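Residue-level listing of the chains:
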Amino acid sequence: PLSDAEISKQVQYLLNNGWTPCIEFEDEAHAYADGHGWSNLDSSINAGYYDNRYWVMWKLPMYGCTNTDEVLAECKACKAAFPNCYVRVAGFDNIKQVQCASFLVARPPTGAACAVNARQV
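Residues numbered from 1 in each chain as written. Predicted model: local features only at pLDDT ≥ 70, side-chain atom pairs only at ≥ 80, totals over all residues. Heavy atoms only, no water.

Explain the nonpolar core to me, please; I cannot follow it from the model alone.
Among the nonpolar cores identified, the biggest contains 20 residues, and Ile-23, Val-71, Val-87, Val-89, Phe-103 and Val-105 are the most heavily contacted of them. Of all elements in the fold, only α1 (4-16), β1 (20-27), α3 (68-81), β3 (85-93) and β4 (98-106) reach the threshold of two or more residues within this core. Residues within four places of Phe-103 in sequence aside, it is in contact with Leu-2, Ile-7, Gln-10, Val-11, Leu-14, Val-87, Arg-88 and Val-89. (Core = buried A, V, L, I, M, F, W, Y, C linked by side-chain atoms within 4.5 Å. Buried < 20%, exposed > 50% of the residue type's maximum accessible area, 1.4 Å probe, protein only. Helix = DSSP H or I, 4+ residues; strand = E, 2+ residues; numbered from the N terminus. Contact = heavy atoms within 4.5 Å.)

This is the structure in structure tokens:
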């Protein structure tokens, strides 16, 4: 995972682009979109649907946030509350109504990195 300084730089990039930071978390069993999940619904050709795309949101999106320290503090609070979960920061464009970027800030103690060739976008 990234250091606090590296997380700050990534968050500053989100803020510089006018995107709203949002912190999300998920347990190991549901964090990776490694297939079509529990539903076995293969609609990826048409709708781009995969289970596990959406993680649980930590509080509300940080609308109006201009300070990277605020985001770091919330990341630490989320990690403390859910130490066995993955934690990521996402940047949302409130005009286009889409997620523009996201990055992992914490991995559970037993969570190994997923091999690059096994990941799905």
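Further notes follow.
Is there a simple way to explain the sheet that holds strand β2 (residues 56-58) in this structure?
An order of β2-β1-β3-β4 is seen for the 4 strands of this open sheet, with the pairing classed as antiparallel. Two strands close off the open sheet at either side, each with one partner strand: β2 and β4. Neighbour-to-neighbour, the strand axes of this sheet turn through a mean angle of 35 degrees, independent of strand direction. Relative to β2, β1 runs antiparallel, the two sharing 3 bridges. Bridge pairing in β2 places Glu-24 opposite Met-57. Sheet contacts for α1: β1, β3 and β4; angle to β4, the most-contacted strand, approximately 170 degrees. Against the sheet, α3 engages β1, β2, β3 and β4, with an angle of about 15 degrees to β1. (Pairing = 2+ DSSP bridges. Axes fitted to C-alpha atoms, helices over the stretch in contact; angles between N-to-C directions.)

I tried to follow the packing of aromatic side chains on my own but got confused; where do I start?
Two measures describe an aromatic ring pair: the distance that separates the ring centres and the angle between the ring planes. A complete count under the given rule lists 4 aromatic pairs for this structure. Considering the side-chain rings of Tyr-13 and Trp-19, the 5.8 Å spacing of their centres and the 75 degrees angle between planes classify their relative orientation as edge-to-face. A relative accessible area of 14% places Trp-19 in the buried class. Plain terms: the ring middles of Trp-55 and Tyr-86 are 6.5 Å apart, the flat faces sit at 50 degrees to each other, and that makes the pair tilted. Of the two residues, Trp-55 is situated in the loop between α2 (28-31) and β2 and Tyr-86 in strand β3; the sequence distance between them amounts to 31 residues. Residue classification places Trp-55 among the buried positions, given a relative accessible area of 12%. Since its relative accessible area comes to 4%, Tyr-86 is described here as buried. A network of ring pairs unites the aromatic residues Phe-25, Trp-58 and Phe-82 as a single cluster. When the ring centre of Trp-55 is taken as reference, the NZ or CZ atom of Arg-88 above it lies at 3.9 Å. (Phe/Tyr/Trp six-rings, centres within 6.5 Å; stacked < 30°, edge-to-face > 60°. Lys NZ or Arg CZ within 6 Å of the ring centre and 35° of its normal.)

These figures capture arrangement, not role.
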